[in-house]
Every structure is written in structure tokens, then in C-alpha cells.
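An overview of the molecular structure
What follows is each chain in one-letter form.
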Amino acid sequence: MTLPHSPGNVGEPRPPQAVEVHRLEHRQEEEHKEERQHSLQMGSSVRRRTFRSSEEEYQFSAADYALAAALALTASSEKSWESQLRRQTSAVELEERGQKRVGFGNDWERMEVAFLRTQWVLRQRRDRKALRWRMEEKVREAKELRELCSGRGPWFWIPLRSHAVWEHATVLLTCTVQASPPPQVTWYKNDIRIDPRLFPAGKYRITNNYGLLTLEIRRCTIEDAATYTVMVKNAYGQASSFAKVLVRTYVGKDAGFDSEIFKRLMVGPNVEFTSVLKPVFAREKEPFTLSCLFSEDVLDAEQNIQWCLDGRLLRSSGRWQTLYADRQASLKVSCAYKEDEGLYTVQVPSPFGLREQSTYVFVRDAPAEKPGAPGSPLNVRCLNVNRDCLILTWTPPSDTRGNPITGYSIELCQGESGQWVPCHQAPSGTCRCPIQGLIEGQSYRFRVRAVSTAGSSLPSKASELVVMGDHEEAQRKIEIPFDLGNKITVSTDEFEDFVTIPSPPTNVHASEIRDAYVVLSWEEPRPRGKTPLTYSLEKSVIGSGTWEAINSETPVKSPRFALLDLEKGKSYVFKVRAINQYGMSDPSEPSEPIALRGKPATLRPPAQVQAFRDTQTSVSLTWEPVKDAPELQGYYIYSRQAGSSEWQTVNNKPIQGHKFTVPGLRTGKEYEFCVKSVSEAGVGESSAITEPIRVKQALATPSAPYDFALLNCGKNDMVIGWKPPKRRGGGKILGYFLDQHDSEELDWHPVNQQPIPTRVCKVSNLREGHFYEFRARAANWAGVGELSAPSSLFECKEWTMPQPGPPYDVQAFEVRATSLMLKWEPPLYTGAGPVTGYRISVQEEGSEQWKPVTPDLISNTHLRISDLQPGKSYVFQVQAVNSAGPGQPSLPTDPILLEDKPDAQEIEVGVDEEGFIYLAFEAPEAPDSAEFQWSKDYKGPPDPQRVRVEEKANKSKVILKEPGLEDLGTYSVVVTDADEDISASHTLTEEELDKLKKLSHEIRNPVIKLISGWNVDILEKGEVRLWLEVEKLSPAAELHLIFNEKEIFSSPNRKINFDREKGLVEVLIENLSEDDKGSYTAQLQDGKAKNQITLALVDDEFDKLLRKAEAKRRDWKRKQGPHFEEPLQWKVTDDCQVLLTCKATNTKKETHFQWFFQKREAPDGQYDPQTGVGILCIEELSKEDKGIYRATVSDDRGEDDTILDLTALDAIFTELGRIGALSATPLKIQGTEEGIRIFSKVKYYNIQYMRTTWFHKEKRLESGDRVRAGNTLDEIWLHILDPKDSDKGKYTLEIAAGKDTRQLSTDLSGQAFDDAFAEHQRLKALAIIEKNRAKVVRGLPDVATIMEDKTLCLTCVISGDPTPEISWLKNDQPVAFLDRYRMEVRGSEVTITIERVNSEDSGRYGVFVKNKYGSETGQVTISVFKHGEEAKVLEKTRGHAEAPPVF
């Protein structure tokens, strides 16, 4: 078989015959191709040739006229008719030559072609004259048109066209314009004028070559992608043309300007962000959302809007969800993990390249299950996955919550079962662990918990799902291609020879050595055979000379095994054997000696940690990265406020770089930072702590000023004003540099060499009637800022209009949710007369209509505007009005959003420690160079004769020297040099000033604060304590105690204590008497502070205190012996027993306790000496228990008693009734012989103190023929006799005891009624049966004795309906009434008579009665004795009679 295009034939020389054949075939192929082309050309000529004569009317299109005019105006395009004819003739000859060479193959075709050509030449000659005449006519018309166009506005003959170029290339924009006179040309980029002098030399080159306009952009960058517009204008009008320039950087399969990406970008909207992504502080296991707003709708948003995390593209799946609606893109995370922490970026395409925003998301630790437990680990990954083992790694948590980590607990979940089970315990100091004993082909997920002495952390995020298998199997597969792209995959195992006993493994070595384990690896035997292999391992301690098998719980299927039980300090060698179904191989060669390593040390901390200012809420950190540390996983950052000892974690996911911006800090506060290195060995030591840094805006150059306005104009000078930069760079604006440009000149000229401190500048030496534009730069301590865009053109022409010029410097302060303060400066040009007022107009953002704010003019240069809608943006402008009318309006303000800022500061009004009234304002976010500008009534600074201003650490204070009515008014403050509005105001009213002056007087004339005035306490022994409490006093405080106008001091009966630390003054009077009656005054002095407190103990108040003191003294003496701690009292138990209880204390063994009732000792009383509790129980209370109860306790130290008067028992009976009512059980239903009975069990019932009422269907029941109600001591019942269907329904029992009422209900219907009624019928039937059943009523004795030859007569009474059948039995056998036996029945009496009894008549006799309702047997034992045995028989009979019955 031969293969085409065999590589072996390449480069070999061909034989001469083959070369000749190839040339001949090539020549023939070329001739045939030429014949086919010529045939097609001639056929096309025949079909397409049409001619017109000179007489035929020839129609010219608009394009023909334009072409004719262009030829007439361009000299280089003019051709003579002779040259045109020669050109046409040569073309005909060329065609004829080709025709002669090829031909049509027949004469008729050649003749037809010749005829057609001759006809064509003749027609050309005949039409030459007519064509020349028409051309002259067109030239004449074009000249006339050119003369008519002179003195016209510009128009584009050839407009601009869009370009797309690669980055760093050069693009040339060209267009052709016609105008008379020549127009003025201006180029714009995104509506901003292009001035080549403002850009690097050679960046832009603009030319105008007789109407051919060009703009050359060299070395294009992404910033050059924009819309470029050329504007041309002269005295007769203006015109413009624009084109887009797209700078491409993407290189790939979609690159190229004809691709869909290019088309979409060219026609898509210019999308910009209208909101800023801010840092997010989320919580572990909780959701968070990132959102941003766009200026335009994004086409194909699902594909074009991309979210990335640390540069990795995110897609909607699982926990992640990307949304877009109403120009808002959102990224929602349903459950956050610490792995989700990082830098999030949103990207959207626009015609000028990708636009993107980024922010950092921090994920805090979730609250621990146990206080003090560490945070959860993160980044759990599975490495070196084999058939039955793998290596698990993770990252330690940043926050251990003050308790060092002692280890890690590893859990696994098999498949998608959701059941997590512990599988391994890893020691501390390592974040890497081998997992063995897994099942081949099964899938697993793992998670890790950190363990400390305080408990276990929450579980980490689960690892990715891994499938156990031989991942080297793919290397043993070979792909064999065949048949045009098909292929066969063959495993090398299929080429293995048949092997019985495998060869030993080779290359036994330690692939990983740690402090707690060693991973042993080896290579499979070669050849290995086709059967599966397992392995057996052996180990030996160096120097022991013995080998020991290593046991594993499951067979080892992978060529690696982790050894977890090795001893530290010993060296081991290992052997491995291969096992298959045929047997075990020989051992491998021993490995090299292997020993466990020491515990790995954590990495050293990074050096040179430095903190720099960034924004008002963030700080930028940099540090030197740790070098030569391949195990480095990143860095953890910690922060704390200066002066605090508690560190806070900044990030919970290690940072990979060596710099980071810490957001979320409090403006104006000082912070300290440190950094720790993270590795598998854990979190390292802390770096050196940074110097405290105050959170402030970093100093930078300011942005450009903007919005220039002409404030006044003379013949040769102008006054220009402008708005300050929006970004001041965190520092004070030192001044401005202004440039001017005459529109008739090319160069800009500086106006000032030294910075202008204000935003108003007078520009002199101008030429009247010329147009000027201006631009400016702002300068601060960081340098000169950005150059502003040129202003509009202002004409230098002296103002003579009677109306005033525009006000300027219109600013909004004190912006709140519904109000703001608008201030402005009066116009510099007042017109024909002074300004009489101002008119304020407002415009809502998005609207074009200006509305007046107030109906009347404003006389001041400030106005508080209220009643605005919160959340909306407004624009304001001001017009000055004089007698001639309103003047020019000011520049509109920037849009002002009305909202209450959460951190907005207000003016604080108070009194300081020295008693001065002050108004203070604090601005933590103010720049270092900021100034606090105070104003009173918005008219200027407060009078320095009346106030004093102090400033310290972003705080300013206005202190009133001599507060008075002159100081009333509105005080406002504005913080300068801040990018945002920081201002506030406060109106000081007369009422508020009076309160402040009162407080000031109290501070300047201090009074010792009284916490508690004079208090009177009676102590345990009857002493009287007089005391008062004031605030804490200094050690130098003095006390003077005045009693009845005389100072007193401590004495044995009256002790005085003065505790300055506690502010306590007390007087202890041991025995209160009449000598102590009077007034007590405490005079206190502590420095300047004084106070005086008086207590009057006179008249009834003193007498009452004296009686209480004496009673207290007596009671104390009583308590020196046994006494009652709890007096005698009664209570009712749940069992409705009445207990009389009391409790004695201070008893001893000899103490005697007695109970008395009606002055008689009650022996039933009990007393427990251990607890001192005495109890007297009344089982069933009755009126006999009414009386006086008394308990006494006595010993050699004294006696005490307690008395309880129970002569009135109503309260106890009422309580018994209440408890009895509460003890009532739920109503039960019972069927009886007579009907249905409803009842409730109670523990107590007293008809005098308890009332019961029965209700049926809410209707009260009364006892009658069919319904009977009653009660016993333990039951309340209702009996329904002969129940019927009308008796069905709800029954309610109401039990009233005193003021308490309880209701019990049951429903006698349905199954309950049916069951009770069936029971009633059954019992009724049983009663009838029992009543009519045959039975022996009375008469027969148990035993009867009789002497021989006597006559025995036994009589019994029977009953039954119908009359029962009667029969007698002897020893359970029927008695035959013959000879001596005779039975007689007289009504209900039945008599049996036995004559001449003998011993054979002894036995057990019974009478059996029976009817249809039942039967019964009455028995008697007959004993017959002989003569002489009478005494024995009597004793025996008596013994039977006394013996208890036997059942």
C-alpha cells in the first residue's frame, strides 16, 4: 500500500519525463482557461453593448453633473478628445488581437463580431461632437454654480469617516469643506476643544490645506478612543462633521474591525457608571449584594456585564446570582464564606473601551457556637488524589479569639448524602493532613474545624467534590488515529504480558516528610500484569535488624501510603510487596533511612510595615514581602485604635501582595496596624506596630477649576470668576493661575505669575471687540493641579446696560434632607442703580423649567430654603434686580442632593468647666489645613469684643465673654478646604440663653451635689441613725454639725461619722430621748462648693420616732431568746386540709414548744426542732374548730408566743371552696339503671360556701321529675332520668366559691349520648333480670347436726318471677323424695323433711332453684351423730361455727 504525500519523497529529484509531462499539462490547462475567459468576455460584450445616436435624448443623473463639475474645476483631470479617442482605439485593437488569437470557431461568429465592432466605432465618431457640446454646457453650468456659491456658509464636500486602529498606531482624520470666505476651523474630542499645546509635543497635528482639513493623532492609546468633531464657521453659517475613533487592544479570534465585537462596540451606547461600588463588610453564612448603576441601558447585559473576583470571572450558579434590571447590575451571594472575600470588579464595554469599577468585600467570622472558640479555617483543598488516599490542605483562621489553636478536626461527606462524619484529628502547627482508607470510585467532600481550649469552631466551607481513582491511568492510554480523523484509544495494560506472581515494586522513597507523618511512595512493578494490585508494607528501625509488617485497616491500592504512627527520634527503612490474585511478590529494595522532622516553625513577619493616608475612611499599608518562603500563603492584617489593647482582624482571607488599603475606618481617629505571615505551619508572629496614623484624606494636587463666568467688562479689561475644584487634594488651595487666549491668536498667555488667592480676577490690557477665552489651574501644597477646560468666548466690550451683572460664588451650605442655606456674592456691576433685591430660581434635576423659590425679592445675600423633597437633586441660580429690572443670572449651582448624612455634625451648645457659655463644632473629616469660618446672622464673623474663638484638633469653639441679649441670633460655621459641604448653624434663643446662664452660675458658684437628704433609720437595737449623702468630696472637705443653733461633736450617746470618699454624713443616737428633740443642720464645704442641709425632729414626728425606737429596742431584747420568726398563720392545702403554721428561731435542745386552743393544750400540734416549724393540721374544718389558737416557745433565756384568731371562719371556708372548685375533675358521662348521670369529682364541697348551677344549652336546669341534681362531699352530679333525644346537647356545670367561678362543660350528643344510652339500657335490663332471677333468699344454715332417729326439717325462702323450679341435691346428686324424704312448698317457703335420720344421711345438701332469668343454689352440711357422741359433736360443730369462712 502506498500513502499519498509520503514524507519520504520530499526533496528527491524528478525524472525528465515527468517534468516534460507536467509542463505540457500546465500549458494546456492555461490555454483552456484563457479561451473560457475570452468567450465569457465576448458574450458579455454582445449582451451589454447598447448605443445612442446624437439625435437621441441623453439623460444625465445628479452624479453625472457632479462628476462633470469636478472635471471642469480640476485642471489635472482635463483630457483632450484625441487622447480619449486613442485610448478607446487601443482598447478595440487589443480586443481584436485577442479575438484573432482565439476566435469563435466559425465564420458566422467572426462576421457578427466584426459588424458589432464597426457599428460601435461609427457611433463613437458620430457622438463625439454631441458629447463635446454637452461637456461644454456642463462646464458653463459648473462655473455659474461656483460663482453662486461664493459668499455662502460652509458645507462638507467629503465628511469625516470613523476609524478603528490598533494601539500605538497613528490615525489620520480628513475631510473636505467648501466655504466662502474661508471658515474658522475648530476640532473637539468628546465635545472638549483640542489644543495641541496642552498635550505632549507631536501628539496632535492639525492642518488646513485649501479646504482639506486633517487631524493626525500619533501613537494612539486607549484614552484616544472618542468621538472627534470638526466645527467650521464663517460669517454666513457653520457646519460640523464627526467620526468615531476606536483603539483596539484585543488580539484573538474575534479581533478585526469586521467582527461582531467591533460592530457592537461601534453602535453601542456610551455606558458610564453613575454610582460607586463601596466596600462591603459581610458576615460568614449570611448573604450580601453588590450593585451599581449605569447611565444607559446595557445591550445584551447578560453577556456584556462581567463580574470578577480577584481577576476570576464569576458566573450565575449555586450561591452566585448576577442580575440586571432598570440600568442596575447586581451580584447576589446567598451564603457568604471567607473564600468569597477579595477584590470584586464589574466590567461593561463601551465604544471607548472597557469601563470597570472595583471594591473589596470583607467576610467576618460568624458568631461561634461556644464563646471564645476560634474562627473557621478556609481554602480546604484536596491534593494528590489516588485510588484510596489523598492529601488535605487548608488555611488557618485569622482570629483565634484569644485561645491558641490546639488542633483541627476533619469531617467527610460521602457523595451527596449530606451526612458529615469525623474522619481524622490533625495536630496544631500544621494545616496539611493525609486521608486514607477511602473507597475507589466514590466521591468525597471534606471540611475542617479549628479546635482550642474554648471549644470547636464552625465548620469551614466544604472542599470541591473529588472522585477517588487512578489519575495516572490517562498516561497509560495511547490514541491511534485511523480513517480520516477517527481514533482508537488503547490502554498499555492491554499489552502487558500474562503475569502470575508480580515483580517487586521499585524506587521506594519518602515523597513527603512532616513532623507527624511520612508519605511513602513507590513505582508499580514492571511488568505489572493485567490483574489489580494491592501492596503490603514492612518497616524496620535502623539498628534493630528486624522487620515488622505495617497493618492498615483497608488494602493499600495506591502506590503511596501515609505513615502516622512513627516515633520521633528514630530512623526507619521500608519495603513494599505487590500482591495480586496469584500471590505476593518479593520485597522491594529497602528505602533510604527516613525520620520524622521537627515541628515546622511559622514564618517570620514582614518588615517595614508602613501606613499612609489614603481617603477619609481608609489607610494604605505597604510592607516588604517575606522572601525565600515558598510555603507562604499570604498575610493577615490587624488594626486597633490608638490607645486600645484589642486588635481587630482586617481580612479573613490571606492577602497575596505586599500592599493593601484598609477601608471602613473612622475619620479623624488614630489607628495602629500590624501584619502576620500565614503558612501551613499557622499564623506567624506579629510585625512591628506602625506609628499611629490619623485617618485623613491624603494630600494630592487639586482637580481643575470649572464654570468660568464674566462678572464685569470694561473697554480693555474683564473680571472673570470661576468655581473651585471639586477635589481640593486634602489641602488648602493656595491660589490660582489664570491663562487667557485671544481667539484671533494661536498662543495662550498667562495672566498672573503669582497665584491669585481668590476666585475672581481682573484681566487688563485687552483689546476691545476681541473675543477671549480663559483657563485656570489651582495650586496647593502638593503642587499645581489639572488644567481646566477653556471657557466660553467672552467679548471684550464695555458693559453699559442698566440692569446689574450676575451674582457670583453661589454656594449651598447646611444641606439637610428638606432644607439648605443658599449664599452668594452681590454682582460687581450694578447697572443704572443700586441692587434692590435678588430673585432665586430652582430647577429639579432632569427638568428644564426654572421656578421661583419665593414670590418676593430677597434683600440679603443668603436664604434658607425649606420644604424641599428629600432624596431629590436641585439646581439654583440667582438674579440681581435693580430699578431697571432683573439682570443676568448667575451660573447655576452644581446639582445638590438633599439627604441627611449619618455622620453629619451639628453645633454643640453648652457651658464649660469654668462656667463660660460656648458653641462648638467638630469636623473629624476636615483636612489638616481646614479653617472654621464662624458667622453671626450670616453677616460676617461674630464681634470679637463679645466672643472668643478657640480651635483645637478639628474642633472650633466660640465662647461668649459676657452673655447678653446682644448675643442672640443664628451662629453658623463653615469648614474650608473640604471636598464636601461641612457646615452647620444654630439659633441661640433668649429662653436657651437663660438656661445656659443659670447653668453657668451654678458652675461658677458651685453647690455640693446632694444625692440624698436627711434620712432617719431605726437600727436593730433601737438606735436612731440620721444620715445624708452627697457627691464624692475631696480630703480637704469640712463638716460642721449644728444642733439647736449650737455645734455638736461626737459623744458616747451621739456619734458623728463623716466619710469624704463616699460623701456620707451620719449621726448615731444610742438611746433616743427628749434631749435629742430639735433641728440638725449639716454645713459642708469643699473648696468653693458649699451646701447646708437641715433636719427638724420635733412635735409628732419626734414622738412617733421615739415610740418606734422603743418598740424596736423591746423587739431586739425579745429576739435574744427563742422567738417566732414567722407568726402563726393558716393556709389551705391542695387536699383541702387547713394547716396552722409558724416558725421559731434562736432555739436550742432545751427549748419547749406548745400548742393551745381556747386556752387548752392541743395535743395534735407538731413541732420540728431542726427547722423550728410548728404545724397544726385540721383534717376537716367545721364550726367546732372556731376559736383562738396560740403557740408558745420558751427556755431559760425567755419566752415568746404567737396568736391566731379563728373565731370567724368565713375566709377559710371560702378558700376551701375555691380550692374545691379548682379540684373539680372534667365532667364525665355515665349510664345508670335510671338514666344518664353527669358528674365531677371534687376534693371538698361545702353547700354553704359553694354554689353549683347546671346549664343545658345555655339554659339553667332545675331539679324536676326527669332531672335531678345533687352533690356529696366528693362529687357533684346531675341525673337525667329516662333520657330522650331532647336531652342531647352541651351541659355546663358552674361552681361558684366566693368571688371565683369555674365552669366545666361536656357535650352529650353523638357517640357520647349513644354510648351512655346503650349503657343505661344494658343496666336497666340487668336490673330487671336481677330482680326476677330465681334465688335462695334466706333460711338455710351452713351446718346442721342431729342425732340418729330424729326427724330433720330444713326450711328456706326463695324468690323469682316466674316461680322457679325447685330441686334438692345431696352430695351434688338429686334427692329422690321416697320413704323418709319429703319436700313441701308453701308460697315462697320450701321445706325438706328427713325422718329417722341415720349416719347415711350425713352430707352436703343443696336446694337448686331455676327460672328463665337464672338459677341459684343454697347449701347446708348435715352431720348425724350417735347416742353418746353428743359432746364431741357439739364441740366440733362449735369449732366449725367459729372458723372463718373459706372461699
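Provided above is the structure to which this section pertains.
In this numbering scheme, every chain counts its residues from 1 along its sequence in written order. Residue-level local features of this predicted model are given only where pLDDT is at least 70; pairs of side-chain atoms are given and counted only at 80 or more, and the full residue set underlies all totals for whole chains, interfaces and linings. Based on all heavy atoms of the structure, the side-chain values leave hydrogens and waters out of the count.

Digging into the overall build of the protein
Along the backbone of the protein there are 11 helices and 99 strands. Each residue is placed in one exposure class: buried if its accessible area under a 1.4 Å probe, protein chains only, is under 20% of its type's maximum, exposed if it is over 50%, and partly exposed if it falls in between. Counting across all 1447 residues of the protein, residues that qualify as buried make up 41%. Put simply, DSSP marks the helices as runs of H or I at least four residues long and the strands as runs of E at least two long, and each gets a number from the N terminus on.

As for the nonpolar core
Counting residues in hydrophobic clusters, the biggest one holds 48 residues, and the most contacted among them are Val1138, Leu1140, Trp1155, Leu1181, Tyr1189, Ile1212 and Leu1216. Take this core: its biggest share by element is five residues, from helix α9 (residues 1210–1222). In this description, contact between two residues means that some pair of their heavy atoms is separated by no more than 4.5 Å. With near-sequence residues (within four places) excluded, valine 1138 lies in contact with Trp1130, Lys1131, Val1132, Leu1176, Cys1177, Ile1178, Leu1181, Ile1212 and Leu1216. In plain words, nonpolar cores are sets of buried Ala, Val, Leu, Ile, Met, Phe, Trp, Tyr and Cys residues tied together by side-chain atoms within 4.5 Å. Judged by nonpolar contacts, the second largest core, of 28 residues, contains Ile1093, Leu1097, Leu1106 and Ala1109.

Re the sheet that holds strand β80 (residues 1173–1178)
Strand order in this open sheet of four strands is β75-β76-β80-β79, and the pairing throughout is antiparallel. Each edge of the open sheet is held by one strand with a lone partner, namely β75 (1123–1132) and β79 (1166–1168). Shown here is a sheet whose adjacent strand axes are inclined to one another by a mean of 15 degrees, direction ignored. Helix axes are fitted to C-alpha atoms over the stretch in contact, other axes to C-alpha atoms as well, and angles between N-to-C directions run from 0 to 180 degrees. Across the face of the sheet, α9 comes into contact with β75 and β76 (1138–1145) while running at roughly 55 degrees to β75. Here, a strand pair is defined by DSSP locating no fewer than two bridges between the strands.

Quick notes on the packing of aromatic side chains
Each Phe, Tyr or Trp ring (for Trp, its six-membered ring) is paired with any other whose centre lies within 6.5 Å, and the angle between the two planes then decides the class: stacked below 30 degrees, edge-to-face above 60, tilted in between. Inspection of every chain in the model, using the stated rule, returns 30 aromatic pairs. Following the ring pairs from residue to residue traces out a cluster consisting of Phe281, Tyr360, Phe362 and Phe660. For lysine 575, the ring lying beneath its charged end belongs to tryptophan 547, and the centroid distance is 4.3 Å. Criterion for a charge above a ring: Lys NZ or Arg CZ within 6 Å of the ring centre, and within 35 degrees of the ring normal. Across from the ring centre of tyrosine 918, 4.6 Å away, lies the NZ or CZ of lysine 957, which sits over that ring.

Observations regarding the side chain of asparagine 403
Within the secondary structure layout, asparagine 403 lies in the loop between β19 (390–395) and β20 (405–414). Counting of polar contacts relies on pairs of N or O atoms within 3.5 Å, with two restrictions inside protein: one atom must be capable of donating a hydrogen and the other of accepting it, and residues adjacent in sequence are counted only when both atoms are side-chain atoms. Polar side-chain contacts of asparagine 403 include one of 2.7 Å to the backbone oxygen of glycine 372.

Focus: helix α10 (residues 1311–1332)
With 22 residues, α10 should cover 32 Å at 1.5 Å per step; its first-to-last C-alpha distance of 32 Å lies within 8% of that length. All buried positions along α10 are accounted for by Phe1313, Ala1316, His1320 and Asn1332. On an axial view of α10, the arc spanned by its buried residues comes to 135 degrees, and they lie on one face. Elements that come into contact with the buried residues of α10 comprise β83 (1228–1231), β84 (1235–1241), β90 (1300–1308) and β98 (1403–1411). Take the number of residues in a helix, subtract one, and multiply by 1.5 Å to get its expected span. The directions considered for the arc run from the helix axis to the C-beta atoms.

Description of the pattern of salt bridges
Side-chain pairs of opposite charge can arise whenever the charged atoms involved come near each other. Here, a salt bridge means any Lys or Arg side-chain nitrogen found within 4 Å of an Asp or Glu carboxyl oxygen. Inspection of the entire model under this criterion finds 65 salt bridges. Note that arginine 449 and glutamate 411 form a salt bridge whose closest N and O atoms lie 2.8 Å from each other. Linking arginine 449 in strand β23 (residues 443–452) with glutamate 411 in strand β20, this pair joins segments that are 38 residues apart in sequence. Considered together, arginine 449 and glutamate 411 belong to a single accessibility category, that of buried residues. Between lysine 1243 and aspartate 1135 there is a salt bridge, with its nearest N and O atoms 3.7 Å apart. Here aspartate 1135 lies in the loop between β75 and β76 and lysine 1243 lies in the loop between β84 and β85 (1251–1256), a separation of 108 residues in the sequence. Given the relative accessible area of 46%, lysine 1243 is considered partly exposed. Judged by its relative accessible area of 52%, aspartate 1135 is exposed. Ionic contacts of the salt-bridge type, sharing partners, join the residues Arg432, Glu512, Arg514 and Glu680 into one network.

Quick word on the environment of lysine 669
Inspection of the secondary structure puts lysine 669 in the loop between β40 (659–662) and β41 (670–679). By relative accessible area, which is 32% here, lysine 669 ends up partly exposed. Apart from the residues within four sequence positions on either side, lysine 669 is in contact with Gln641, Ile693, Arg694 and Val695.

A word on the side chain of threonine 345
Note that threonine 345 resides in strand β16 (residues 342–350). For threonine 345, a relative accessible area of 12% puts it in the buried group. Ignoring any residue separated from it by four or fewer positions in sequence, one finds threonine 345 in contact with Gln306, Trp307, Cys308, Glu356, Gln357 and Ser358.

Description of helix α7 (residues 990–1004)
Spanning 15 residues, α7 covers 21 Å between terminal C-alpha atoms, matching the ideal 21 Å at 1.5 Å per step. Within the sequence span of α7, burial applies to Leu993, Leu996 and Ser1000. In a view along the axis of α7, the buried residues occupy a sector of 65 degrees, so they form one face of it. Opposite its buried face, α7 presents the exposed residues Glu991, Lys995, Lys998 and His1001, each directed more than 90 degrees away. As for α7, its buried residues are in contact with β60 (908–911), β61 (917–922), β64 (955–960) and β66 (983–988).

Looking at the environment of asparagine 384
With respect to the helices and strands, asparagine 384 occurs in the loop between β18 (378–383) and β19. Under the relative-accessibility criterion, asparagine 384 is labelled partly exposed at 39%. Not counting chain neighbours up to four residues away, the residues in contact with asparagine 384 comprise Cys389, Leu390, Ile391, Arg432 and Arg560.

Describing the pairing of strand β42 (residues 682–686)
Pairing of β41 with β42 involves three bridges; the strand directions are antiparallel. Along β42, the bridge assignment pairs lysine 676 with serine 686. Connecting the antiparallel pair β41 and β42 is a turn made up of two residues.

Some points on the sheet that holds strand β93 (residues 1352–1359)
Strand order in this open sheet of four strands is β91-β93-β97-β96, and the pairing throughout is antiparallel. Two strands in the sheet have a free side with no partner beyond their single neighbour: β91 (1335–1338) and β96 (1381–1386). When strand polarity is set aside, the average angle formed by the axes of neighbouring strands in this sheet is 35 degrees. Summarising the sheet, β96 and strand β97 (residues 1389–1394) pair through six bridges and their orientation is antiparallel. Bridge assignment links arginine 1386 to a residue of β97, and that residue is glutamate 1389.

Purely geometric stuff here, so don't read any function into it on its own.
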